[in-house]
Number of protein chains: 2
Amino acid sequence: MSRSLALSGFPEWLPAQRLVESAVIDSLRHTFAVHGFSEIETRAVEPLERLLSKGETSKEVYLLHRLQEEAGTASAEKSSPDAARQLGLHFDLTVPFARYVLENAGKLVFPFRRFQIQKVWRGERPQDGRFREFTQADIDIVAPEELAAHFEVEIPLVMAAAFEALQRLGVPEVRILVNNRRLSEGFYRGLGLTDIDGILRSIDKLDKIGGPKVIELLIGESGATAEQAQACLDLAAITATTAAELEQAVHQVGGKYGVDQGDYGIGLTELTNLLQSACAQAPGSIIADLKIARGLDYYTGSVYEAVLVGHEDLGSVCSGGRYDNLASDGSKTYPGVGMSIGVSRLLSRLFAKEVFDVSRPVPTAVLVAVNDEETRAESDAVAYELRKRGIPTEVAPSAAKFGKQIKYADRRGIPYVWFLPSPAFTRADGSEVPATDHQIKDIRSGEQATANPQTWEPSAADWWPQVTPAAH
Amino acid sequence: MSRSLALSGFPEWLPAQRLVESAVIDSLRHTFAVHGFSEIETRAVEPLERLLSKGETSKEVYLLHRLQEEAGTASAEKSSPDAARQLGLHFDLTVPFARYVLENAGKLVFPFRRFQIQKVWRGERPQDGRFREFTQADIDIVAPEELAAHFEVEIPLVMAAAFEALQRLGVPEVRILVNNRRLSEGFYRGLGLTDIDGILRSIDKLDKIGGPKVIELLIGESGATAEQAQACLDLAAITATTAAELEQAVHQVGGKYGVDQGDYGIGLTELTNLLQSACAQAPGSIIADLKIARGLDYYTGSVYEAVLVGHEDLGSVCSGGRYDNLASDGSKTYPGVGMSIGVSRLLSRLFAKEVFDVSRPVPTAVLVAVNDEETRAESDAVAYELRKRGIPTEVAPSAAKFGKQIKYADRRGIPYVWFLPSPAFTRADGSEVPATDHQIKDIRSGEQATANPQTWEPSAADWWPQVTPAAH
């Protein structure tokens, strides 16, 4: 096969990188579970009709066909009712989660708190250089009919805790930016504007295209006057770390443009409550930033975006919000709130910035040397004893000279080599070599000592590969 | 949306079942890592040409199309060289692993020991009731040009250790059945037969269709005489737990039909060596069973199949073998040996047999009660303290009456409810209720005690949900 083996948009990691990814995912799972979230996984596919019900994303879906069906008559299959449903790969974890909740509503206890860490796929053009397959880590809380506002406070705090735990591995500090749709929308309506979705989409582009261009859009596409457009920008310029700061700033802009508190009051209260709780529980990690709009039109309350401090150029690494109408079976609606981390995107960029240090690329702590192939069973027996006590161990692949076996360990990054007992013998020159017991050699320091297969342990730092912040 | 939400062939688990799956996967990851296997993941898709290069499986592949491409002109896209490659979802983890090894050969250290736990997809007809998406857990060892025979001994022993560890969760004991292609093939050739692949495929059907039908096939399709066909069946009937037993049985059948040891000797030696090592390291878990043929034609040495003791009706739960020619870039070949567990299939059947007991369906150990919404922050603060020490904690969703909050915990299976201090007060009838400190209530026993948020801990068994063998 002569053609290139790599496929653009489908990232794959080397073993050492996978160790980092694994450590990141294990840490996230731990944080989410400690906060009482249950894990679920959903199937990779959904009927196309469901994937498209969210709108806007139709271009990004991968459709599935069975090879057999392609070769033969595509239409024959479509006569059976189940087969007639065109399947596509999910492009996020929110749409499948909403479907899972509806499907299993009778078996779940609400409010249902779930986390989900899975691959998603987007049928991007290959030439765009975007990821077409990537891992997301989502948390959501849903409840039937009503969802208390305090869950909108809890979700970003769980993510703040999740990112705080990731700092031990080398992930930079996070800052979560929050806004509230009811605040922005109420303000726009108070100004007399009506194309709310259009305004939100334009505001969402602020960082990309800048203020003057956004004003043009607001005037040209959403029918705003120059003054109304400026008011939208003034509101979007507000950032605050405390509730008092936020209230003062919003009231000032509101007063300047004559927007009544009645229009945006509920949203402002929700956002100040969020800030207040955040300041108490995780000071500095959450700030109000009123330019956060989120492109998607299904958000109805709080909206979130997170950036890494000092790495703002990476863009948003985690985002989400409250949605009131996403999961509905027609008779019952399940409002929810959630956030999603783009794990693959985050890692690919942090790999490029070399923020991680991995102590070794293999799990193995000990290589048991082999004296000769006839006595390999004795080396296997030592490995068995070590593994029984949870020590990651390999047996040398061949009974090469010890120097070569040590080199093999070194090439793989294995810190220790174990030597089996050898009997006393007489060298060709007549000198005596005494019998030795089991020996363990730290090949980094060269230190060697007698060891017992039933009791020897590596240091805690050497037991498993360690992922830590790179020193630079 | 009125149509059914479930899709046949795409299993999904409820949270308690996912807890079991997670515990199984974590246990497998641990065992594999303790044996020095590095984890990798590969992309879900491969070019169709690569998926089909293994043969036989063409009917089971899911092809991908971008929705955009469907809608417009499908051919326009195909002019770009990368886009021209038809992509399909992988149907196993061996084909992608072979490609990964070729692609990254320069960055890997050989022998490369890897494990991989991922979903795979097969485009089965929906009406067949087979899984179309399922999780596999694979281990393989590959090396350039040569792979020592002792790795064929190691792989089934690692799987035996993996299944032994799973017994703690409730998975029944495993028995790994081994055979050697060189032994069977040498024997068939010694009989004067030439359609080796055909004979292997027929022998593979023994359990399904029985001896007489297999004899018919051997005679009708592979050109065997009645005596040759009977010889094949006599060989396939051999099972042995020790090397001596195996040698005696094979020599007896060989002698009876005049097949020379020179024809099957290498295969027999490899198989007796495997049995010998297995008896020393994991007595009873591995037995020789000469009817094991494996349908796939790329196996060249040892072949393995595993069944659960007492649950043989489930069929093979884990299988694999040695392959010499699967990974090749034209100039260099990477022989390998591996085994694969069908995790979803195994679990769906063990769920049906109710072999697992899950102590609770949610991670949460403690529900912190809320006195009233105004003081929710105080409950949040207690939860924060408990989580800081790794105790899975939720705060009550609403400040309902305590009875209702306890009922909520009970419905979710949360064992403990935490109550915050309350001041002394006087009841309407004049009686005094004294002030209380923080209280923890075990809602199973009703026991309640004073507790300190900074020091209280649940019992080890209550800390996380436990998966154990069901008592029956």
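Since the model is a prediction, treat every value here as computed from it, not as a measurement.

## Concerning the sheet that holds strand β11 (residues 318-328) of chain A
All names here are of chain A. Across the sheet, 9 strands lie side by side as β1-β5-β6-β12-β11-β10-β7-β9-β8; this open sheet has mixed pairing. Strands at the two margins of the open sheet, each flanked by one partner only, are β1 (38-39) and β8 (239-240). Packing of helix α1 (residues 15-34) onto the sheet brings it into contact with β1, β5 (112-121), β6 (133-142) and β12 (333-342), and relative to β5 it is tilted by some 160 degrees. Across the sheet, helix α7 (residues 181-191) touches β7 (174-180) and β10 (299-308), and the angle it forms with β7 is around 40 degrees.

## Let's talk about the sheet that holds strand β15 (residues 393-395) of chain A
Residues and elements named next belong to chain A. Sheet architecture is open: 5 strands sit in the order β15-β14-β16-β19-β20, paired in mixed fashion. The strands lining the two open edges of the sheet, one partner per strand, are β15 and β20 (448-450). Strand-to-strand twist of the sheet, defined as the mean angle between neighbouring strand axes without regard to direction, takes the value 25 degrees. One ladder, built from 3 bridges, connects strand β14 (residues 366-368) with β15; its direction is parallel. When the sheet's bridge partners are listed, Leu-367 is paired in β15 with Glu-394. The strands touched by helix α16 (residues 402-412) within the sheet are β14, β15, β16 (416-419) and β19 (439-442), with β16 carrying the most contacts at an inclination of about 150 degrees.

## Side note on the environment of A:Phe425
Tracing the backbone shows A:Phe425 in strand β17 (residues 425-426). Non-local contacts of A:Phe425, meaning those with residues more than four positions away in its chain, are made with A:Ser431, A:Glu432 and A:Val433.

## Some remarks on the side chain of A:Thr393
Turning to its location among the elements, A:Thr393 is positioned in strand β15. The class of A:Thr393 is buried, set by a relative accessible area of 0%. A polar atom in the side chain of A:Thr393 sits 2.7 Å from the backbone oxygen of A:Ile391. In this structure, A:Thr393 is in contact with A:Thr364, A:Val366, A:Val368, A:Ala383, A:Leu386, A:Arg387, B:Val34, B:His35 and B:Gly36, ignoring residues within four places of it in sequence.

Rules and cut-offs
- Residues numbered from 1 in each chain as written.
- Chains lettered and ligands numbered in written order.
- Predicted model: local features only at pLDDT ≥ 70, side-chain atom pairs only at ≥ 80, totals over all residues.
- Heavy atoms only, no water.
- Pairing = 2+ DSSP bridges.
- Helix = DSSP H or I, 4+ residues; strand = E, 2+ residues; numbered from the N terminus.
- Contact = heavy atoms within 4.5 Å.
- Axes fitted to C-alpha atoms, helices over the stretch in contact; angles between N-to-C directions.
- Buried < 20%, exposed > 50% of the residue type's maximum accessible area, 1.4 Å probe, protein only.
- Polar contact = N/O pair within 3.5 Å; in protein donor to acceptor, adjacent residues only side chain to side chain.

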